[in-house]
Amino acid sequence: MGMTKSLTVLGIETSCDETAVAIVTSDKRILANLVLSQTEHEAFGGVVPEVAARAHLNHIDTMVAEALKQAGVGFADLGGIAVTAGPGLIGGVLVGVMTAKAIAAVHGTPLVGVNHLEGHALTARLTDEVAFPYLLLLVSGGHCQILVVEGVGKYKRLGTTIDDAVGEAFDKTAKLLGLGYPGGPALERMAANCKDPAGAVKKFTFPLPLVGKPGCDFSFSGLKTAARRMMDALEEDDKPDFCFAFQETIARILADRVKNAIAQYGNAGTLVVAGGVGANKRVRTELETLAAKNGLGFMAPPIKLCTDNAAMIAWAGVERLQAGLIDAPDFPVHARWPLDPLAPVASIKSQKI
Ligand code: KG4
Ligand code: ZN
């Protein structure tokens, strides 16, 4: 038995408003990891799909060339090309997928169409040694789910949001506070200025939707509405306390739902958090404490790999290639694409696509 040769995979991510290109090896080296956050949307107060697709198109070729240069590899060295095939804004997804297909066709490289959510879900295995199965809290701008990750391509969903995604709650509340976009990090920075945590949570009491109830689903729309109502009487000086209490509430809601998932899952192992909201330090410590109390390990990828990036797509490509999951050159794109095809979809109001 000889050593298996290391694979080098190019990853491309264009499903929302980040153009991202990365090169990752099967021995877990990130040779390049480029992320360009589009600023074209600022004037519109939200992501405009057509604008996003055009911006991806303007930058993708130069970013691929730059990533290869940084990694010191050529197209001929690539053992695979992995690209987000959904879920997402379909114009942007098509730009990434057509780019990947063109390179693969010219150089004869194996192609993998990756589910963006699988990219988030497997990131912890790129940065750490996490064995299957594990419990995953996937929290981003468009998604809020608890999944059992049983293996590559094998997911069981235990819970999802019945209204908004948690990142959306952060973003919309931050917008009302005039903190800018993306709202999560801005709100976290404002919360860090709170001088009296105990006083802040007494002064600003938010509802805790579904907390204490059975099940693993989430709800955030009531929280958003309450935040909007409280905003009217808010002074500039109150913002740090308000943000602290809001963030505290979100951390409590997430922990309550994950507590039920741990009981339902009934397995030791590891709790993993992934997605942009997983970058929030308060959320991370709350989950770490919960995991420790229940005898689970805890893993959160570095912040740069929690928010959207292409290293996670390249890594998912590595895992899929190693499992023999190569896609045909004409594989399709998907605006919607649940990780667990058996999970009920009726309760999903919206996905940030
Ligand atoms: O995973 P991601 O980059 O994109 C999606 O797939 O949606 O997640 C973006 C979301 C945004 O809603 C952003 O406000 C939130 O993650 N986010 C945070 C933090 N950093 C990013 N939320 C709370 N605290 C943070 N530090
Ligand atoms: Zn994402």
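Keep in mind that this is a model prediction, so the values were computed, not measured. (Residues numbered from 1 in each chain as written. Chains lettered and ligands numbered in written order. Predicted model: local features only at pLDDT ≥ 70, side-chain atom pairs only at ≥ 80, totals over all residues. Heavy atoms only, no water.)

A. Summary view of the confidence of the model for the protein chain. For the protein chain, the mean per-residue pLDDT works out to 94, and 96% of the residues sit at or above 70. Low confidence marks residues 346-353, where pLDDT is under 50. Its contacts with residues over four positions away, or in another chain, come to 28 contacts. (pLDDT = per-residue confidence, 0-100. Contact = heavy atoms within 4.5 Å.)

B. The nonpolar core, seen in detail. With 49 residues, the main nonpolar core has Leu 135, Leu 137, Ile 146, Phe 220, Phe 246 and Leu 254 as its most contacted residues. Of all the elements in the fold, those that place two or more residues in this core are β6 (134-139), β7 (144-151), α4 (166-176), α5 (183-191), α7 (221-231), α8 (239-265), β9 (270-274) and α9 (281-293). Beyond its immediate chain neighbours, meaning those up to four positions away, Leu 135 contacts Ile 146, Leu 147, Val 148, Leu 158, Ala 261, Ile 262, Tyr 265, Thr 270, Leu 271 and Val 272. In terms of nonpolar packing, the next biggest core, distinct from the first, is built from 32 residues, Val 112, Val 114, Ala 121 and Val 130 among them. (Core = buried A, V, L, I, M, F, W, Y, C linked by side-chain atoms within 4.5 Å. Buried < 20%, exposed > 50% of the residue type's maximum accessible area, 1.4 Å probe, protein only. Helix = DSSP H or I, 4+ residues; strand = E, 2+ residues; numbered from the N terminus.)

C. Seen up close, the side chain of Asn 309. Examined against the element boundaries, Asn 309 turns out to sit in the loop between α10 (303-306) and α11 (311-322). Looking at Asn 309, its side chain comes within polar contact range of the main-chain oxygen of Leu 305, at 3.2 Å. In terms of polar contacts, Asn 309 uses its side chain to reach the backbone carbonyl oxygen of Thr 307, at 2.8 Å. Discounting residues that sit within four places of it in the chain, Asn 309 has contacts with Glu 13, Ala 20, Asn 33, Val 35 and Lys 304. (Polar contact = N/O pair within 3.5 Å; in protein donor to acceptor, adjacent residues only side chain to side chain.)

D. How the structure looks around the coordination of the zinc ion (ligand 2). Protein coordination at the zinc ion (ligand 2): the donors are His 116 (NE2), His 120 (NE2) and Asp 308 (OD), at 2.1 to 2.2 Å from the metal. Considering all four donor atoms around the zinc ion (ligand 2), angles at the metal cover 94 to 144° and the coordination shape is irregular. Spacing between the donor residues of the zinc ion (ligand 2) along their common chain follows H-x3-H-x187-D. Within this pair, whereas His 120 is found in helix α3 (residues 116-127), its partner Asp 308 is found in the loop between α10 and α11, the two being separated by 188 residues in sequence. (Donors = N, O, S within 2.8 Å, 3.2 Å for Na, K, Ca; no water. Tetrahedral: all angles 85-135°; square planar, octahedral: opposite > 155°, others 65-115°.)

E. Summary view of the sheet that holds strand β1 (residues 8-13). Taking strand neighbours across the sheet as the criterion, the five strands line up as β3-β2-β1-β4-β5 in an open arrangement whose pairing is mixed. In this open sheet, the two strands that pair with only one neighbour each are β3 (30-37) and β5 (111-115). The average angle at which neighbouring strand axes cross in this sheet is 20°, direction not considered. Sheet analysis places strand β2 (residues 18-25) next to β3, joined by seven bridges and oriented antiparallel. Considered in β3, the bridge of Glu 18 is made with Ser 37. Where α11 meets the sheet, it contacts β1, β2, β3, β4 (80-86) and β5, and its direction lies at approximately 45° from that of β2. (Pairing = 2+ DSSP bridges. Axes fitted to C-alpha atoms, helices over the stretch in contact; angles between N-to-C directions.)

F. Structural detail: the pairing of β7. Of all the eight residues making up β7, seven are buried; the element is thus mostly covered by neighbouring parts of the structure. Where β6 and β7 come together, six bridges link them in antiparallel fashion. Bridging across to β7, Leu 138 finds its partner in Gln 145. As consecutive antiparallel partners, β6 and β7 are separated by four residues. As judged from the six bridges shared by β7 and strand β8 (residues 154-160), these two strands associate in the antiparallel manner. Bridge pairing in β8 places Ile 146 opposite Gly 159. Linking β7 back to β8 in an antiparallel pair, the connection comprises two residues, with Gly 153 at a positive phi of about 75°.

G. Molecular detail of unusual backbone geometry. Each neighbour pair has its own omega, and for Gly 86 with Pro 87 the value is -15°, a cis peptide bond. Locating Pro 87 in the fold gives a position in the loop between β4 and α2 (90-107). Here the amide bond leading from Phe 132 into Pro 133 is cis, since omega sits at -10°, within 30 degrees of zero. Its place among the elements puts Pro 133 in the loop between α3 and β6. A positive phi angle, close to 70°, is found at Lys 28, a residue other than glycine. Within the fold, Lys 28 resides in the loop between β2 and β3. Owing to a relative accessible area of 28%, Lys 28 belongs among the partly exposed residues under this scheme.

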